[in-house]
There are 2 protein chains.
Amino acid sequence: MDVGEDQSMSFFVEANGQPGRGDDRQGFLANTGPHVQTPIQTQLQAQAQAAPRCLRCAVRNEGLCAALPAGELPELTAISRNRDVGAGEMVTIEGQDADAVFTLVSGMLKIYKTLPDGREQITGFATPGDVVGLAFGSCYVYTAEAVAPSTVCGMVRRGLHGLVDRKPRLQGRLLSMLSAELTAAQDQILMLGCKNATERVCTFLLALARRAPKDEQGRPVVFLPMKKLDMGGYLGLRPETISRVLRSLETKGLITRTRSAHIRIDDLDTFGDLAVAAE
Amino acid sequence: MDVGEDQSMSFFVEANGQPGRGDDRQGFLANTGPHVQTPIQTQLQAQAQAAPRCLRCAVRNEGLCAALPAGELPELTAISRNRDVGAGEMVTIEGQDADAVFTLVSGMLKIYKTLPDGREQITGFATPGDVVGLAFGSCYVYTAEAVAPSTVCGMVRRGLHGLVDRKPRLQGRLLSMLSAELTAAQDQILMLGCKNATERVCTFLLALARRAPKDEQGRPVVFLPMKKLDMGGYLGLRPETISRVLRSLETKGLITRTRSAHIRIDDLDTFGDLAVAAE
DNA sequence: CGCGATTTTGACATTGCTCAACGCAGGTGG
DNA sequence: CCACCTGCGTTGAGCAATGTCAAAATCGCG
């Protein structure tokens, strides 16, 4: 993971409902048809038409999907479906019934929790391949909202539940994802608890830089599609502060703003020092 | 969980070693004798003498142990061992080989991570029943240090590994513990990112108050064995600030300091408002 | 080109930190 | 048994970092 991802899991400790039984809730994907206990023929038929999508998928080797060999992909295709979301649209909403689990295919989502008085704290940004919407209880524990036009692939909770039962390998994958979450959460705690504004911004950029493309001289060029307000919401800072820090880093020659929403890191070493990276 | 607990897990995604094989490392408990592949007789013998400890244990119904019925407790006893630690002693050390997993039997531990320059952030306090030292990789990802004289029960990693393989029920328990962790971590993120000093202190006291004993009028009396410095390390505040906030709460009649290190919460409602509890 | 939203910049306010002094308690040694 | 010492907590004064508010500049988009 990089800058925090999704936050929690589902269908393991099913809140207080049985896995089987029960009618399909009306959530997203409810019309995909029967998935878990589908009669063999119907299932195979569905797979035949469905197979290509997961196989060709941009994030086929990320997230949950990476845990399945190509031969088993059709089963995933059968319970999943793509959906486009525009910037500002929500994929999951804190407190609502967790009907589906989503893999981000393209774009970027912000993951946040809200205090009763309206203050909100962003706990992470999801990048392609990240999984969001895993919930231990019956409700989503955070809101996931697109900050750029995005595509998500939704898997019905019940369908995924059944799939996990049949493919123990998925369970291990879920576990390591959960563990990665926890690590990310703790890094954020460390950041919010100990670091000053400059250190926070550098930590954030550095995390993004790891996955970012490099220019011809090997300098990472980070893409920041989110608003300053969201960046601040993640770092525990106000947008004005972010702006000031970036200006200061630019003045010192550590970064260059190239295209809009793109920042090139010019001095990676000094940057690492400022980020006070753990080990 | 209450105020954060342990932080991560082990033996699922074993870093890059196989579960079986390999000599017992020299860590704590190495002298408990063979545990996993013990010949039946030896094992039963060990159980016979060992059984009573876990059965009588103060935290028998907490943490991992709660997942095992009384009849299976001897197996737990066989791979575990109690150890007393004085205030200031460390149970796990960030970055060191994760040889064992510990259940806190009595006392209190602080869990913290350290930045390269020495700043440290406490990510939680463990109370009896909490499990610390679960590590996904081969090393502990945090330091656990006693803040009061404590007793921990250590389980050899390999022994626990084998036990989890034999008792699938333990796996579910580990999962829900991990999920509780994550929830606690996110609450802390919310706190560090959004709340001011007073709100943080109230949030903290309120979390402790849930588990705290009540006086004859039903008011919770919270025990705070840790130093102000540690409390501050958890809340992202300096000890002077904690002191000032407590003084101010006292002046307002919201709390009363009873015995040393004990605080009674007099006005739980107002307190809850100040804590800005999620939902 | 022009509108609305976002970002930037500046001036100022506030919060919590720093530093220092003092007090209190527990432990130690005479 | 008492004096001292050390570490922690408390309190105060001043300060630095960041938040707040407002205005100007810029961007994205039609």
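Residues numbered from 1 in each chain as written. Chains lettered and ligands numbered in written order. Predicted model: local features only at pLDDT ≥ 70, side-chain atom pairs only at ≥ 80, totals over all residues. Heavy atoms only, no water.

Engineer: What's the story with the interface of chain A and chain B in this structure? I'm lost.
Structural biologist: By a widely used convention, the size of an interface equals the accessible area lost when the partners come together. In this complex, chain A contributes 36 residues to the contact, which on the side of chain B involves 37 residues. Taking both partners together, chain A and chain B bury about 3200 Å²; carbon and sulfur atoms supply 72% of that area. For the pair chain A and chain B, the interface holds two salt bridges. Salt-bridge contacts for Arg119(B) lead to Glu199(A); the nearest nitrogen and oxygen are separated by 2.9 Å. Our enumeration of links across chain A and chain B arrives at four residue pairs in polar contact (both at pLDDT 80 or more). Looking at the side of chain A that touches chain B, the elements with two or more residues in it are strand S5 (120-126) and helix H4 (168-194) of chain A. Take the side of chain A that touches chain B: its biggest share by element is 16 residues, from H4(A). Its residues assigned to classes, the side of chain A that touches chain B shows 16 nonpolar, 11 polar and nine charged. (Contact = heavy atoms within 4.5 Å. Buried area = accessible area lost by both parts, 1.4 Å probe. Salt bridge = Lys/Arg side-chain N within 4 Å of Asp/Glu carboxyl O. Polar contact = N/O pair within 3.5 Å; in protein donor to acceptor, adjacent residues only side chain to side chain. Helix = DSSP H or I, 4+ residues; strand = E, 2+ residues; numbered from the N terminus. Nonpolar A, V, L, I, M, F, W, Y, C, P; charged D, E, K, R; others polar.)

Engineer: Can you help me understand the relation of the copies chain A and chain B in this one?
Structural biologist: In screw terms, the move from chain A to chain B is a rotation of 180° and a rise of 0.0 Å along the axis, fitting with an RMSD of 0.0 Å. The superposition operator between the copies reduces to a two-fold rotation axis. (Least-squares fit on C-alpha atoms with pLDDT ≥ 70 in both.)

Engineer: Would you mind showing me how to read the pairing of strand S9 (residues 262-265) of chain B here?
Structural biologist: In regular strands, side chains alternate between the two faces of the sheet. Residue and element names in this part refer to chain B. Because side chains alternate across S9, one face comprises the buried residues His-262 and Arg-264, and the other comprises Ile-263 and Ile-265, equally buried. Pairing geometry for strand S7 (residues 221-223) and S9, over three bridges, is antiparallel. Bridge pairing in S9 links Val-221 to Arg-264. Turn length for the strand S8 (residues 255-257)-S9 hairpin, with the two strands adjacent in sequence and antiparallel, is four residues, and the turn residue Ala-261 shows positive phi of about 70°. (Buried < 20%, exposed > 50% of the residue type's maximum accessible area, 1.4 Å probe, protein only. Pairing = 2+ DSSP bridges.)

Engineer: What's the story with the protein's contact with DNA strand D in this structure? I'm lost.
Structural biologist: DNA strand D sits among 16 residues. The nearest are Arg238(A), Thr241(A), Ser260(A), Arg247(B) and Arg257(B). Close to the protein, within 4 Å, the atoms of DNA strand D belong to sugar or phosphate groups at a rate of 70%. In the environment of DNA strand D, a base oxygen lies 2.9 Å from a nitrogen or oxygen atom belonging to the side chain of Arg244(A). With respect to DNA strand D, the side chain of Arg244(B) contributes an N or O atom lying 2.9 Å from a base nitrogen. (Near = heavy atom within 4 Å.)

Engineer: It is not clear to me how the environment of Asp215(B) should be interpreted in this structure. Could you clarify?
Structural biologist: Residue and element names in this part refer to chain B. Inspection of the secondary structure assignment puts Asp-215 in the loop between helix H5 (197-211) and S7. Put simply, Asp-215 and Arg-264 are 49 residues apart on the chain and 8.5 Å apart in space, counted from C-alpha to C-alpha. Look past the residues within four positions of Asp-215 in its chain and what remains in contact with it is Val-221 and Arg-264. Here the side chain of Asp-215 touches Gln-217 through a polar contact of 2.9 Å, landing on its backbone nitrogen. Looking at Asp-215, its side chain comes within polar contact range of the main-chain nitrogen of Arg-219, at 2.8 Å.

Engineer: Looking at this structure, I do not really get the protein's contact with DNA strand C. What am I missing?
Structural biologist: Lining the immediate environment of DNA strand C, one finds 15 residues, of which Arg247(A), Arg257(A), Ala197(B), Arg238(B) and Thr241(B) sit closest. A share of 72% is what sugar and phosphate atoms reach among the atoms of DNA strand C within 4 Å of the protein. Ser243(A) places a polar side-chain atom, nitrogen or oxygen, 2.9 Å from a phosphate oxygen of DNA strand C. Between a phosphate oxygen of DNA strand C and a side-chain N or O atom of Arg247(A), the distance comes to 2.6 Å. Those elements giving two or more residues to the surface near DNA strand C turn out to be helix H7 (239-251) of chain A together with helix H7 (239-251) of chain B. When its residues are assigned to classes, the surface near DNA strand C shows two nonpolar, four polar and nine charged.

Engineer: Hey, could you run me through the confidence of the model for chain A in this one?
Structural biologist: Caution applies to low-pLDDT parts of the model: their predicted coordinates are not meant to be read in detail. Across chain A, pLDDT averages 83, with 81% of residues at or above 70. Confidence drops under pLDDT 50 across residues 4-38 of chain A; counting only partners more than four residues distant or on other chains, this segment forms 99 contacts. (pLDDT = per-residue confidence, 0-100.)

Engineer: I tried to follow the environment of Gly129(B) on my own but got confused; where do I start?
Structural biologist: All names here are of chain B. With respect to the element layout, Gly-129 can be found in the loop between strand S4 (120-126) and strand S5 (131-132). On the basis of relative accessible area, Gly-129 is assigned to the buried category, the value being 5%. For the pair Gly-129 and Cys-153, spaced 24 residues apart in the sequence, the C-alpha separation amounts to 9.9 Å.

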